[in-house]
Structure formats: C-alpha cells, structure tokens
Amino acid sequence: MTDEHLLLLLRGGDEAAFTALFRAWQGPIYRFALRMTGRESLAEDVVQETFLVVVNGAAGYEPSRGAFRGWLFGVARNQLLRRLRSERPYLPMAEDRGDPIAPDDPHAALAERQDLDRLRRAVLSLPEHYREALVLCGLQGVSYDDAATALGCASGTVRSRLSRGRDMLAARLRDDAPPPVMAGPLRLAGGEP
Amino acid sequence: MNEKQLDALLLAAAEADRDRETPDRVETALFAAFRDRHAAPAIARGPGLRALRDWAWAGMAAAAAAVAIVAALQRGPETVATEQAEAESEFVPLPYATGFDDVDAVQVVQVEMSRTALAGLGYTGSLAVGDGAAVRAELLVGNDGVARGIRFVQ
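Residues numbered from 1 in each chain as written. Chains lettered and ligands numbered in written order. Predicted model: local features only at pLDDT ≥ 70, side-chain atom pairs only at ≥ 80, totals over all residues.

Chemist: If you had to explain the nonpolar core to someone new, which residues and values would you point to?
Modeler: The tendency in soluble globular proteins is for nonpolar side chains to be buried as a group. Core analysis: the largest hydrophobic core is formed by 55 residues, its most contacted members being Ile-29, Ala-33, Ala-76, Leu-134, Leu-136 and Ala-147 of chain A together with Leu-30 of chain B. No other element matches helix α2 (residues 15-37) of chain A, which puts ten residues into this core. When residues of this core are assigned to domains, at least three fall in each of domain 1 (1-96) and domain 2 (105-179) of chain A. In this structure Leu-136 of chain A touches Phe-32, Phe-73, Val-142, Ala-147 and Ala-150 of chain A, once residues within four positions along its chain are discounted. If you look at the next biggest cluster of nonpolar residues, it comprises five residues, including Leu-94, Leu-118, Val-135 and Ile-150 of chain B. (Core = buried A, V, L, I, M, F, W, Y, C linked by C-beta atoms within 7 Å. Buried ≥ 20, exposed ≤ 12 C-beta atoms within 10 Å, placed from the backbone. Helix = DSSP H or I, 4+ residues; strand = E, 2+ residues; numbered from the N terminus. Domains from an automatic or database assignment. Contact = placed C-beta atoms within 7 Å.)

Chemist: Got a sec to walk through the packing of helix α1 (residues 3-11) of chain A against α2 of chain A? Specific residues and values, please.
Modeler: Geometrically, a packed helix pair is captured by the angle between its two axes and the distance between the axes. All names here are of chain A. Following both chains from N to C, one finds α1 and α2 inclined at 140 degrees, their axes separated by 7 Å at the closest point. The angle between the axes of α1 and α2 places the two elements in the oblique class. In terms of crossing hand, the pair formed by α1 and α2 is left-handed. Contact residues: Asp-3, Leu-6, Leu-7, Leu-9 and Leu-10 in α1; Ala-17, Phe-18, Ala-20 and Leu-21 in α2. Considered class by class, the residues forming the contact of α1 with α2 number eight nonpolar, no polar and one charged. (Axes fitted to C-alpha atoms, helices over the stretch in contact; angles between N-to-C directions. Parallel < 35°, antiparallel > 145°, perpendicular 65-115°, else oblique. Left-handed = near helix turned anticlockwise from the far one by under 90°. Nonpolar A, V, L, I, M, F, W, Y, C, P; charged D, E, K, R; others polar.)

Have a look at this one:
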C-alpha cells in the first residue's frame, strides 16, 4: 500500500494507516533533523510537530506536486528552520550522545567513532542549503526528486548543492584531519634500541 | 580526502545512524493526538453516550458551582480567595518529560492551548477544565527550557 493510499485512510480516522505511516517515516525524519542540528531534543520536537500536521490530515499535501515522502521531509524542514531561526541568538548545544564503542575491537571502534564525529561536526558547519542537500541525499538516501519537493527547488539545484556541499565537506575534513598515528613505540634519544 | 574516502565515510555514518529513532514517548503522544482528533466528530454527529456523559458532567458542575457561590456569600471574601487558589490542580508530570527530580530551577509559564496541542505535549489525562477547545494551564518549565509538568487553571 502506498503512502498516498495510507494518507487517504488516515484522513478517515484509520489508526492502522497512521501507525504504518508513522513507523515508516519517523526514523528518517528524526535522523534528518538530528544531523541537521546535532540535537536530539530538537529532532524529537521536529518529528512530533511534523506528524501533528499528518494527524490533522496533511491538508497542505497535493499529490500533483510530488510524492508524500518529499512533502513530509519538506514539513520537517520548515519546522526545523522555524526552530533554528527562533533560537539563533543562543549558542547551539550539541547533545548527540554518539555511537557506542564496540567491545570486541575498542581501538578500531574508537578510531571509527572519531571519524564519524569529525564528519558530523563538519556537516553541522556547512551552510544550510548545502547541509540540507547533503543530509537528505548523502546520508538519508533520499532521491533528488523527493529532495527537490522537500526543499522547494528543482532537482538540478539539489544536485548542484549536493556536489558543492561534498566539496566543502571534503575540504573541512582535510583541515580537521587528526595527526598521523606513529608506527612504533616512542624512543628516547640515546637510549637502548 | 578523495571522493571514494568521502563516500565510504558518508556510508559509515548512514549505517551508524540506521537504528536512531524517535523515543516511544513521542509516538505515545502522537497516537493520543490522533485519537483525540478522530474521536471529536463522533460527538458532533449526535447525542451519543459520550455526549450524554459530557452533559451530565456539565449539569453536575453547574450545580456544584451554584452551591459554592451560595456558600461563599455566607463566608466572606478572604475565605473565597483561599479556596480559589486551592481549586487549582497540582502540577502533574508531562509524559514526555523526565519528571521534576533532575531540574534545580523552574519557571511557571501561563498558557492557553487547544486540547489537541495538549495531547501533542503528551498529556492524555481527562480534561475536566474549560468549556471550549482552549484550556488555560500553567506549565512548569525547567532551566533547560523543557516543559516538565502542567496544571490546569480553573
């Protein structure tokens, strides 16, 4: 059953349809908001506000303008921008707890976690337009067409923003690269080999 | 960092995030809002059981109010003010919130909100206050800006 069909049922009060739509899309919407802001509590708020629009019948959705999923990301994006703009005078507070370290190979897991932390910091530092395209298409796997519906622009614009965003991200990761790891143990000058 | 390395890192980040989801409390609140939204038209269609129950409650409330007014006239203004303050309900924790224990400073914010918005906050208890769509309430907000509790103003 398609999202659009579920939406029709939901508007008639079918709770199972709402359950199916919520379970299908709460994760992607949450991760989109989380990686756009780095804040779990704000991401939760965005999911809640986005799905309250759905609860109330998703009145703004018009199938002729694109798929429901693109529209849903667009609602989330609007909620996100509204919150970010209202909070701009305050310093952003990163509250993402990060990923747990795997116990079987803690060194490799720690290195991977550090890489992911660097990536997420670099994503958060991108200008909004590029960050949106990168998080939607580069991290969430959203199609160019759905991203275009969400962002209210042409899919060619999404492609160019994604490309520019990737270039900026790579440059920032190079600037933020950790020092090279030493191959062997430290030796004091003049000491035993 | 070249294109391949960037692709690999983005893929690893997406994979690491795969299980990140909204906490259950958000789902609970949204389902409450959904039920609230779709239960309302049933009342409007005719005098069903719920509507009759509401009328019964309204009648009882009116009778109680009349008794209270007569009693207040007999006792004087100071007693009335004290009892009005006591008539406000206690703060109850919001289902979303972690409770009151982890906050060291709070503010009370007076609000007027729709019942749907209230359900969106996660409050699913019965609302015996207010006579329309809007409800007057006081929110207990922690110093982190998160609403922790609510009480209804008569």
